[in-house]
Amino acid sequence: MIGLISATAAGAAARDRLAAAWPDRTRVYDGPVKDAVRLAFAECEQLVCFLATGAVVRLIAPLLGEKATDPGVVCVDEGGRFAVSLVGGHGGGANELAREVGELLAAQPVVTTATDAVGLPGLDTLGFPVEGSVAAVSRALLDGEPVALHAESAWPLPPLPLSGEGAFAVRLTDRAVEPAGNEVLLRPPSLVVGVGASKDAPVDEVLGLVEAALRDAGLSPRSIAELATVDAKAGEPGIVAAAARLGVPLVTYSAEELAGVPVPNPSDAPLAAVGTPSVAEAAALARGGDLLVPKRKSQRADGRPAMATCAVVRRPARGRLAVVGLGPGARDLLTPRALAELRRASVLVGLDQYVDQIRDLLRPGTRILESGLGAEEERARTAVAEARAGHAVALIGSGDAGVYAMASPALAEASDDIDVIGVPGVTAALAAGAILGAPLGHDHISISLSDLHTPWEVIERRVRAAAEADIVVTFYNPRSRGRDWQLPKALAILAEHREPATPVGVVRNASRADESSRLTTLGALDPAWVDMMTVVTVGNTATRNIAGRMVTPRGYRWQESASEEVR
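Basis of the calculations
Residues numbered from 1 in each chain as written. Predicted model: local features only at pLDDT ≥ 70, side-chain atom pairs only at ≥ 80, totals over all residues. Heavy atoms only, no water. Helix = DSSP H or I, 4+ residues; strand = E, 2+ residues; numbered from the N terminus. Buried < 20%, exposed > 50% of the residue type's maximum accessible area, 1.4 Å probe, protein only. Contact = heavy atoms within 4.5 Å. Phe/Tyr/Trp six-rings, centres within 6.5 Å; stacked < 30°, edge-to-face > 60°. Lys NZ or Arg CZ within 6 Å of the ring centre and 35° of its normal. Pairing = 2+ DSSP bridges. Axes fitted to C-alpha atoms, helices over the stretch in contact; angles between N-to-C directions. Right-handed = clockwise from strand over helix to strand, strands pointing away. Arc of directions from axis to C-beta. Core = buried A, V, L, I, M, F, W, Y, C linked by side-chain atoms within 4.5 Å.

**Student:** Describe in detail the overall build of the chain, supporting the description with residues and values.
**Tutor:** Along the chain, the regular secondary structure elements total 19 helices and 28 strands. Referenced to the eigenvectors of the C-alpha coordinate spread, the extents of the chain come out at roughly 95 × 65 × 55 Å. Scored against the burial criterion, the 567 residues of the chain give a buried share of 47%. Relative to all contacts within the chain whose residues are 6 or more apart in sequence, the contacts with residues 24 or more apart total 64%.

**Student:** Account for the packing of aromatic side chains, naming residues and giving values.
**Tutor:** Under the defined criterion, the tally for this structure stands at 2 aromatic pairs. Ring centres of Tyr404 and Tyr476 lie 4.8 Å apart, and the angle between their planes is 55°; on these two criteria the pair is classed as tilted. Taken together, the residues Tyr404 in the loop between strand 19 (392-397) and helix 15 (407-413) and Tyr476 in strand 23 (residues 472-476) connect sequence positions 72 residues apart. What makes Tyr404 partly exposed here is its relative accessible area of 44%. Where Trp456 meets Trp485, the ring centres are 5.0 Å apart and the plane angle is 70°; that geometry is what we call edge-to-face. Pair noted here: Trp456 is in helix 17 (residues 456-468) and Trp485 is in the loop between strand 23 and helix 18 (486-495), with a separation of 29 residues, a long-range link. You can call Trp456 buried: its relative accessible area is 11%. Residue Trp485 is classed as partly exposed on the basis of its relative accessible area of 43%. Lying across the ring of Trp22, Arg25 places its NZ or CZ 4.3 Å from the centre. A cation over a ring is seen here: Arg518 above Trp529, with NZ or CZ 3.8 Å from the ring centre.

**Student:** How would you summarise the sheet that holds strand 5 (residues 82-87) if you had to cite specific residues and measurements?
**Tutor:** Within a sheet, each strand pairs with its neighbour through backbone hydrogen bonds, oriented either parallel or antiparallel. Pairing is mixed in the open sheet, where 6 strands are placed in the order 2-1-3-4-5-6. Taken across any chain shown, the strands that pair with only one partner, and hence form the sheet edges, are strand 2 (26-28) and strand 6 (108-110). Within the sheet, the average angular offset between the axes of one strand and its neighbour, ignoring direction, is 25°. Bridging between strand 1 (residues 2-6) and strand 3 (residues 46-50) involves 5 bridges; their strand directions are parallel. By the bridge assignment for strand 3, Ser6 is matched with Phe50.

**Student:** Quick rundown of the pairing of strand 5? Include the residues and the values.
**Tutor:** Taken together, the 4 bridges between strand 4 (residues 72-76) and strand 5 define a ladder with antiparallel strand orientation. Across the sheet, residue Val74 finds its bridge partner in strand 5, namely Ser85. As consecutive antiparallel partners, strand 4 and strand 5 are separated by 5 residues, and within that stretch Gly80 has a phi angle of approximately 65°, a positive value. By the bridge criterion, 3 bridges tie strand 5 to strand 6 in an arrangement that is parallel. Its bridge partner lying in strand 6, Phe82 is registered against Gln108. In this fold, the crossover linking strand 5 to strand 6 by way of helix 4 (residues 94-105) has right-handed handedness.

**Student:** Can you break down helix 8 (residues 237-246) residue by residue, with the values?
**Tutor:** Of the residues making up helix 8, those classed as buried are Gly238, Ile239, Ala242 and Ala243. In a view along the axis of helix 8, the buried residues occupy a sector of 135°, so they form one face of it. More than 90 degrees from the buried face of helix 8, the exposed residues found are Pro237, Ala244 and Arg245. Against the buried residues of helix 8 lie strand 11 (191-197), helix 7 (203-217), strand 12 (224-230) and strand 13 (250-253). Gly247 sits one or two positions beyond helix 8 and adopts a positive phi of about 75°.

**Student:** Give me the nonpolar core: which residues, what numbers.
**Tutor:** Of all hydrophobic cores here, the largest spans 24 residues; its most connected members are Val193, Val195, Leu214, Ile224, Leu227 and Val312. For this core, the elements supplying multiple residues, two or more each, are strand 11, helix 7, strand 12, helix 8 and strand 15 (308-314). Examining the composition of this core, we find that 7 residues originate from one element, helix 7, more than from any other. Sequence-distant contacts of Ile224, that is, excluding residues within four places in its chain, are made with Leu191, Val193, Val210, Leu214, Leu246 and Val248. With 21 residues, the next largest nonpolar core counts Ile447, Ile459, Val506 and Leu525 among its residues.

**Student:** Describe helix 12 (residues 336-344), and please don't skip the residues or the numbers.
**Tutor:** Every buried residue of helix 12 is listed here: Ala338, Glu341 and Leu342. Along the axis of helix 12, the buried positions cluster into a sector of 100°, meaning they face one direction only. For helix 12, exposure combined with an orientation more than 90 degrees from the buried face picks out Pro336 and Arg337. In this structure, the buried side of helix 12 is in contact with strand 16 (320-325), strand 17 (347-351), helix 13 (352-358), strand 19 and strand 20 (419-423).

**Student:** Can you break down unusual backbone geometry residue by residue, with the values?
**Tutor:** If you check the backbone angles, Tyr404 has positive phi at about 50° while not being a glycine. Despite not being glycine, Asn477 has its phi angle at roughly 45°, a positive value. Since its relative accessible area comes to 23%, Asn477 is described here as partly exposed.

**Student:** Can you lay out the environment of Ser198 for me, pointing to particular residues and giving the numbers?
**Tutor:** Within the secondary structure, Ser198 sits in the loop between strand 11 and helix 7. Judged by its relative accessible area of 33%, Ser198 is partly exposed. Excluding residues that lie within four positions of it along the chain, Ser198 makes contacts with Lys233, Glu236, Ala306 and Met307.

**Student:** Before we move on, can you summarise the side chain of Thr520 with the specific residues and values?
**Tutor:** Relative to the helices and strands, Thr520 resides in strand 25 (residues 516-521). If sequence neighbours within four positions are ignored, Thr520 has contacts with Thr502, Pro503, Val504, Val506, Leu525 and Trp529.

Rendered as structure tokens:
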């Protein structure tokens, strides 16, 4: 919950805008400011104070305790010009909150955390439990000193300028070890604990068994990703409470699924009780991995039969492949989600000219694998291979990566051993359409005229079908030096079904600095105006040139009604 505190009418107006935008995330604290801050500090995870920073510093100073537990605090000035991350920038989420508040209130976010200022992700913001000398290692990274990475297993980390050697180190491990001096431990969520329990097994028995199993195996409980069990035990209080205390999700599988998992220690008891010869081992192994702790039973002080079993598996890391659409070229048409994925990736794969567009947005330490035109399949294979090696990869394409771009070859290459995230982008057709007016207001289709990958006979059949169906057509890859006859042929097919006066829009380099466009007609279009950087949009029989804009009505009836009104 985010506590909102203000002292003046101007502050209250901005406060109320925030409360209206985030009704489920915020709570307004009225009354004397000192009392409101004290109460909100105790009750909320974050605070936004519409007060001077000096006043907030004095108010919260007596309340500050531990960096890891204090709420994040953001200050917004009376004029609503700045949203200042005051305390808890990383641990309390104040840096990100300042950015969110700034976006909502049109205020400038002010973030002074050193790593954020130079584009480095904070070691305590990577999404892993962290231990050790965070400040010292972060300072070394900021000062450009060599910091070694010791990864005991591959994991999709964001970009960090880490090396093989150095006086400072980041160690990625799920083992129960203490950090050395000048070392940070990152705990990956690599361990899956399968649990089984008799009815009404006490939570302390379940939890004690899990903790003992990890301790004896030299594993850290901070690397537990989930507890897993059979569906029949999904509501077992001891198991549910154990997952809650550990702060991990409880994942369940059907008895049929678990019965199909090969295990070293099957038993007749669970088979009779829930329909599978194994619960703990099978649940832990259900998604693969290495069995580190075979099934073991709890030991009760009173000597009565054990009521809980567990097994521990180390699940291999899943690499992450984000297929990112960069939009048509303009920086302000790059989506926030695309930007976030670019900054999250430790490996970037893309066409060299597209890499140049966004090179300045990448974090330090990002490894760039670029290649030239005509290497689409090679880039797809490279991106998938890097993800399979456990990296966080961004594969970029212009426009929307799923439209005549990299998503298709990448997903054809990928299997279910990596996570794939698609990030949509503004397509060339949409960018050109916005420049021309509203040519895509009704049914429309995009057709590539390049016959490098598709036989011309197939392309021609599609063009003819679109012509006969009276659908607006956008042509991609319409004409190049080596392919100068396809566009005239396609236009001739359309002309068999549309009048010469049919509006046609021609847009080159949509949204880029050298953008150009013209609105012409099917009869007047000169193919010499067109090259590979051009998008050609041909209207249907209802499309009109209205005040110099290409407009396709949302429906034919609307067009007919408008014509009748004019008459």
